[in-house]
Amino acid sequence: SAVISQKPSRDICQRGTSLTIQCQVDSQVTMMFWYRQQPGQSLTLIATANQGSEATYESGFVIDKFPISRPNLTFSTLTVSNMSPEDSSIYLCSVERRVTGVEAFFGQGTRLTVV
Amino acid sequence: SQQGEEDPQALSIQEGENATMNCSYKTSINNLQWYRQNSGRGLVHLILIRSNEREKHSGRLRVTLDTSKKSSSLLITASRAADTASYFCATDKTGGGADGLTFGKGTHLIIQP
């Protein structure tokens, strides 16, 4: 298994500002994943963060809005830029382990409220 | 769009009863997984079933997979109050690569004491 520490656990931010979420894994991993969970909804993959290269974004998500850093194999950050109330969501960091299939491990999430 | 669709979206049962949740998906998969989420926090992996398996058990959990119908079910037997949570199915996004998971919409399960 993997232990993932994510912070902050929650924040209330003013619209127009930016928030950087940190994700620390207790072991080295090639890929880290960032998901968004809007209120009452399921998880949607934002992007895949590889160490040493630019993140790969899913349809509907762009780097200018959600810049990602991956400085080493145990750490990543996601920034939510120029926030609006529509960005109010839970943001989750995840890593995957491949044994007999893909199993994902998640941080506890960052609950973001934009006012 | 979401790969998986769970039903029911919400389920409320009495403690001790069995809870069944269903999930459908659209594309070919290598495996399907079920996760639990308590109170909007991080997800916990419950069980994985591979595409060549039809049924799998883990404690009070029983998962079935029907690849011909592209559907899966999660049965929780002898439910407990602590089982109250949201349950999501998830599939490999590309059916094989480590490219993240595609999650269903989830079932919110409430166990009434």
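Residues numbered from 1 in each chain as written. Chains lettered and ligands numbered in written order. Predicted model: local features only at pLDDT ≥ 70, side-chain atom pairs only at ≥ 80, totals over all residues. Heavy atoms only, no water.

Draft legend 1. A look at the overall build of chain A. Assigned secondary structure in chain A consists of 0 helices and 11 strands. Listing each helix as α and each strand as β along chain A from the N terminus yields β-β-β-β-β-β-β-β-β-β-β. Scaling as 2.2 N^0.38, a compact globule of 115 residues should have a C-alpha radius of gyration of about 13 Å, and chain A matches this with 13 Å. For chain A, the spread of C-alpha atoms along the three principal axes comes to 40 × 30 × 25 Å. Of all 115 residues assigned to chain A, the portion counted as buried reaches 51%. Put simply, of all contacts in chain A between residues at least 6 apart along the chain, 52% involve residues at least 24 apart. Accessible surface, chain A: about 5400 Å² in total, of which carbon and sulfur atoms supply 48%. When the 9 positive and 9 negative side-chain charges of chain A are each reduced to one mean point, those points stand 5 Å apart. (Helix = DSSP H or I, 4+ residues; strand = E, 2+ residues; numbered from the N terminus. Rg over C-alpha atoms; globule rule 2.2 N^0.38 Å. Buried < 20%, exposed > 50% of the residue type's maximum accessible area, 1.4 Å probe, protein only. Contact = heavy atoms within 4.5 Å. Areas by Shrake-Rupley, 256 points an atom, 1.4 Å probe, with all protein chains shown as cover. Lys, Arg positive; Asp, Glu negative; His and termini not counted. Charge placed at Lys NZ, Arg CZ, Asp CG, Glu CD.)

Draft legend 2. Representation of the side chain of B:Ser86 within the structure. Relative to the assigned elements, B:Ser86 resides in strand β9 (residues 85-92). Those residues within four positions of B:Ser86 in sequence are excluded, and the remaining contacts are B:Tyr35, B:Arg36, B:Gln37, B:Thr107 and B:His108.

Draft legend 3. Up close: the environment of A:Asp11. Residues and elements named next belong to chain A. You can see Asp11 is positioned in strand β2 (residues 10-13). Along the chain, Asp11 and Ser27 lie 16 residues apart, while their C-alpha atoms are 27 Å from each other. Not counting residues up to four positions away in its chain, the partners in contact with Asp11 are Leu19, Arg111, Leu112 and Thr113.

Draft legend 4. Region of interest: the confidence of the model for chain B. Averaged over all residues, the pLDDT of chain B is 88; the fraction at 70 or higher stands at 89%. Within chain B, strand β1 (residues 5-7) of chain B has the poorest average pLDDT of any element, 72, and strand β7 (residues 61-66) of chain B the best, 97. (pLDDT = per-residue confidence, 0-100.)

Draft legend 5. Representation of the packing of aromatic side chains. A full pass over the atoms with the stated rule returns 7 aromatic pairs over all chains. Arranged with centres 5.6 Å apart and planes meeting at 50 degrees, the rings of A:Tyr35 and A:Phe106 form a pair that is tilted. With A:Tyr35 in strand β4 (residues 31-37) and A:Phe106 in strand β10 (residues 102-106), this residue pair connects regions lying 71 residues apart in the sequence. You'll find A:Tyr35 and A:Phe106 in the same group, each marked buried. Ring geometry for A:Phe106 and B:Tyr35: centres 5.9 Å apart, planes at 85 degrees, overall edge-to-face. Of this pair, A:Phe106 sits in strand β10 while B:Tyr35 sits in strand β4 (residues 31-37), placing the two residues on different chains. (Phe/Tyr/Trp six-rings, centres within 6.5 Å; stacked < 30°, edge-to-face > 60°.)

Draft legend 6. Main features of the side chain of B:Gln37. Assignment of secondary structure puts B:Gln37 in strand β4. For B:Gln37, the side chain forms a polar contact with the main-chain oxygen of B:Arg41, separated by 2.5 Å. If we skip the residues at most four places from it in the chain, B:Gln37 touches A:Gln37, B:Gly42, B:Leu43, B:Ala85, B:Ser86 and B:Phe88. (Polar contact = N/O pair within 3.5 Å; in protein donor to acceptor, adjacent residues only side chain to side chain.)

Draft legend 7. Spatial organisation of the pattern of salt bridges. Across all of its chains, the model carries 5 salt bridges over all chains by this definition. Measuring nitrogen to oxygen at the nearest pair gives 2.6 Å for the salt bridge that ties A:Lys65 to A:Asp87. Taken together, the residues span a long stretch of sequence, with A:Lys65 in the loop between β6 (56-57) and β7 (68-72) and A:Asp87 in the loop between β8 (75-80) and β9 (89-98) at a distance of 22 residues. Across the salt bridge formed by B:Arg62 and B:Glu55, the nearest N and O atoms sit 3.1 Å from each other. Classification of B:Arg62 as partly exposed rests on a relative accessible area of 30%. (Salt bridge = Lys/Arg side-chain N within 4 Å of Asp/Glu carboxyl O.)

Draft legend 8. Quick peek at the pairing of strand β6 (residues 55-58) of chain B. All names here are of chain B. Bridge count between β6 and β7: 4 bridges; the pairing is antiparallel. Bridge pairing links His57 to Arg62 in β7. A loop of 2 residues connects β6 with β7, the two strands running antiparallel in sequence, and Gly59 in this loop sits at a positive phi of about 60 degrees. (Pairing = 2+ DSSP bridges.)

Draft legend 9. Spotlight on the state of the cysteines. Residues and elements named next belong to chain B. Across all of its chains, the model carries 2 disulfides over all chains by this definition. Between Cys23 and Cys89 runs a disulfide, and the two sulfur atoms are separated by 1.9 Å. Disulfide Cys23 to Cys89: torsion about the S-S bond roughly 60 degrees, handedness right-handed. Placement of Cys23 in strand β3 (residues 19-24) and of Cys89 in strand β9 is noted, with a sequence separation of 66 residues between them. Taken as a pair, Cys23 and Cys89 share a single burial class, namely buried. (Disulfide = S-S within 2.5 Å.)

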